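So the chains spell out like this:
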Amino acid sequence: MLSRAAWSFVLRTGGLGARGTHSPGDAARSEGRMPPYTNCYAQRSYPMPDEPFCTELTAEQRALKEKEKGSWTQLSPAEKVALYRLQYRESFAEMNRRSNEWKTVMGSVFFFFGFTALLIWWQRVYVFPEKPITLTDEWKARQLQRVLDMKGNPVQGLAARWDYEKKQWKK
Amino acid sequence: MAYPFQLGFQDASSPIMEELLHFHDHTLMIVFLISSLVLYIISLMLTTKLTHTSTMDAQEVETIWTILPAIILIMIALPSLRILYMMDEINNPSLTVKTMGHQWYWSYEYTDYEDLSFDSYMIPTSDLNPGDLRLLEVDNRVVLPMELPIRMLISSEDVLHSWAVPSLGLKTDAIPGRLNQATLISTRPGLFYGQCSEICGSNHSFMPIVLEMAPLKHFESWSLSMI
């Protein structure tokens, strides 16, 4: 049942999938076209959009486009730049420029680290109960001696690291 | 028992646990290899300015990364099943001990020859002797002969519990109305600690298990003294 629904979806959109459903008017476009929002201007991942940036040209710009049809050696550098700006919204350098966003992000991250540290500190002072007696140094020493006496984990663990002849940790 | 800053398992005190340690090493190595490969590929993906937006299919690599994980899974499953069947081998136990889980203590019955049964409650922190392990010590330890196979029959009188001793590779659920069997054998004398491993109420964390594995003579004199 699911496969039939999927197949009828494919037939309805003429193979375009969800794109075809959402923009049925553009169904006449060919398969290789990108969705409309990337056609407005270039992106680093799609640097040569299908449509030029400026579609409404003044008389002067139309004359320039006519001149472009001839030999490009006749174009001056300023005209070449003007034609480029007609075709593309941003140059590669402008498109790939860095930003200061990372400073905002890192600042917010560190701020929340600090805030969390304050919360944890408050919790330690006002919420946590007394530590049990077994965490005092004296108790821990006796406990360690007891575990060594009973040879707990003698193969690779604790007692394996104690030298019973020299009564010290193995080097 | 566990010791501070321990990273891996406790040392094995039974042959099955030794097998499990080796199996864990084998599987963890595979896991590390896969994880480092994936991390490396992720770092490659994230550190390039190149883009490629027209990938249609990749049949060769798709085949490889379907067949290879299947082979890896088989290489993990075969040792695992081997150990699973090894645990169920016939071993002629010399002794049978029954343990019943209660809320919130264990009771033990040695009924092969005489009737010996006792309860085993955790010693509260305030009653510990200096050097004892908090939340692990019990008033009556389970004394057993070392180096002999022992049949443990495990069940429960009320809710689900689980009788676990990690250094012997044992964990068996205690289910009311059901008898579960586990085989216990220790290669070494000493004390082996475990804790209840199935949530059973408010004091689930406070019903530990302590096995005292001793030479047969010591076990015999202890059981005489306990009757």
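On a predicted model such as this, the values are computed, not experimentally measured, just so you know.

**Notes on the pairing of strand E5 (residues 150–156) of chain B**
Residues and elements named next belong to chain B.
Next, step 1: Burial analysis of E5 places 6 of its 7 residues in the buried class, the great majority of the element.
Next, step 2: Inspection of the sheet shows strand E1 (residues 95–102) paired to E5 by 7 bridges, in the parallel sense. In the strand pairing of E5, leucine 95 is matched with isoleucine 150.
Next, step 3: The sheet contact formed by E5 and strand E8 (residues 180–184) spans 5 bridges and is antiparallel. Among the inter-strand pairings, isoleucine 150 is bridged to a residue of E8, identified as leucine 184.

**Notes on the sheet that holds E5(B)**
The strands that make up a sheet are held in pairs by hydrogen bonds between backbone atoms, and each pair lies either parallel or antiparallel.
All names here are of chain B.
Next, step 1: If you walk across this open sheet you meet the 5 strands as E3-E2-E1-E5-E8, and the pairing is mixed. The sheet is open, and its two edges are formed by strand E3 (116–120) and E8, each paired on a single side. Going across the sheet, the axis of each strand differs from the next one's by a mean of 25 degrees, ignoring polarity.
Next, step 2: Strands in contact with helix H3 (residues 216–226) are E1, strand E2 (105–110) and E3; relative to E3, the strand with the most contacts, it is inclined by about 90 degrees.

**So, the UniProt feature "domain: Cytochrome oxidase subunit II transmembrane region profile" (unreviewed entry) in chain B**
Next, step 1: Mapped onto the present numbering, the UniProt feature "domain: Cytochrome oxidase subunit II transmembrane region profile" (unreviewed entry) falls at residues 1–91 of chain B.
Next, step 2: Here residues 1–91 of chain B is 67% helix and 0% strand, with 26 Å between the C-alpha atoms at its ends.

**Quick word on empty space enclosed by the protein**
Next, step 1: Taken as a whole and judged by the stated rule, the model has 1 cavity of 30 Å³ or more.
Next, step 2: Its volume calculated, the largest cavity comes out at about 120 Å³.
Next, step 3: Taken together, 15 residues form the lining of the largest cavity, with A:Lys151, A:Gly152, A:Asn153, B:Leu191 and B:Phe192 sitting closest to its centre.

**A short note on the packing of aromatic side chains**
Next, step 1: Under the counting rule described, the total for this entry stands at 12 aromatic pairs over all chains.
Next, step 2: Between B:Phe118 and B:Trp222, the ring centres sit 5.9 Å apart and the planes meet at 85 degrees, which makes this aromatic pair edge-to-face. Linking B:Phe118 in strand E3 with B:Trp222 in helix H3, this pair joins segments that are 104 residues apart in sequence.
Next, step 3: In this structure B:Phe118 comes out as buried when scored by relative accessible area, which is 7%.
Next, step 4: Following the ring pairs from residue to residue traces out a cluster consisting of B:Tyr108, B:Tyr110, B:Phe118, B:Phe219 and B:Trp222.
Next, step 5: Looking at A:Lys151, its charged tip hangs above the ring of A:Tyr164, at a distance of 5.1 Å from the centre.

**Observations regarding the UniProt feature "transmembrane region" (unreviewed entry) in chain B**
All names here are of chain B.
Next, step 1: Within this structure's numbering, the places UniProt gives as "transmembrane region" (unreviewed entry) are residues 27–46 and 66–85.
Next, step 2: Taken end to end, residues 27–46 has its terminal C-alpha atoms 29 Å apart, with 100% of it in helix and 0% in strand.
Next, step 3: From the first C-alpha to the last, residues 66–85 spans 29 Å; its make-up is 100% helix and 0% strand.

**Quick notes on the sheet that holds strand E9 (residues 190–195) of chain B**
Residue and element names in this part refer to chain B.
Next, step 1: What the 3 strands build is an open sheet, ordered E4-E10-E9; its pairing is mixed. The outermost strands of the open sheet, each flanked by one partner alone, are strand E4 (142–145) and E9. In this sheet, neighbouring strand axes are inclined to one another by 25 degrees on average, regardless of whether the strands run parallel or antiparallel.
Next, step 2: Both E9 and strand E10 (residues 208–214) contribute to a ladder of 6 bridges, which runs antiparallel.

Conventions we followed
Residues numbered from 1 in each chain as written. Chains lettered and ligands numbered in written order. Predicted model: local features only at pLDDT ≥ 70, side-chain atom pairs only at ≥ 80, totals over all residues. Heavy atoms only, no water. Buried < 20%, exposed > 50% of the residue type's maximum accessible area, 1.4 Å probe, protein only. Helix = DSSP H or I, 4+ residues; strand = E, 2+ residues; numbered from the N terminus. Pairing = 2+ DSSP bridges. Axes fitted to C-alpha atoms, helices over the stretch in contact; angles between N-to-C directions. Contact = heavy atoms within 4.5 Å. UniProt positions renumbered as here; feature names shortened; annotations may be inferred. 1 Å grid on protein atoms, 1.4 Å probe; cavity = no way out; pocket = protein on both sides within 12 Å on 5 of 7 lines; lining within 4 Å. Points joined across faces, edges and corners; volume = space filled by probe spheres on them. Phe/Tyr/Trp six-rings, centres within 6.5 Å; stacked < 30°, edge-to-face > 60°. Lys NZ or Arg CZ within 6 Å of the ring centre and 35° of its normal.

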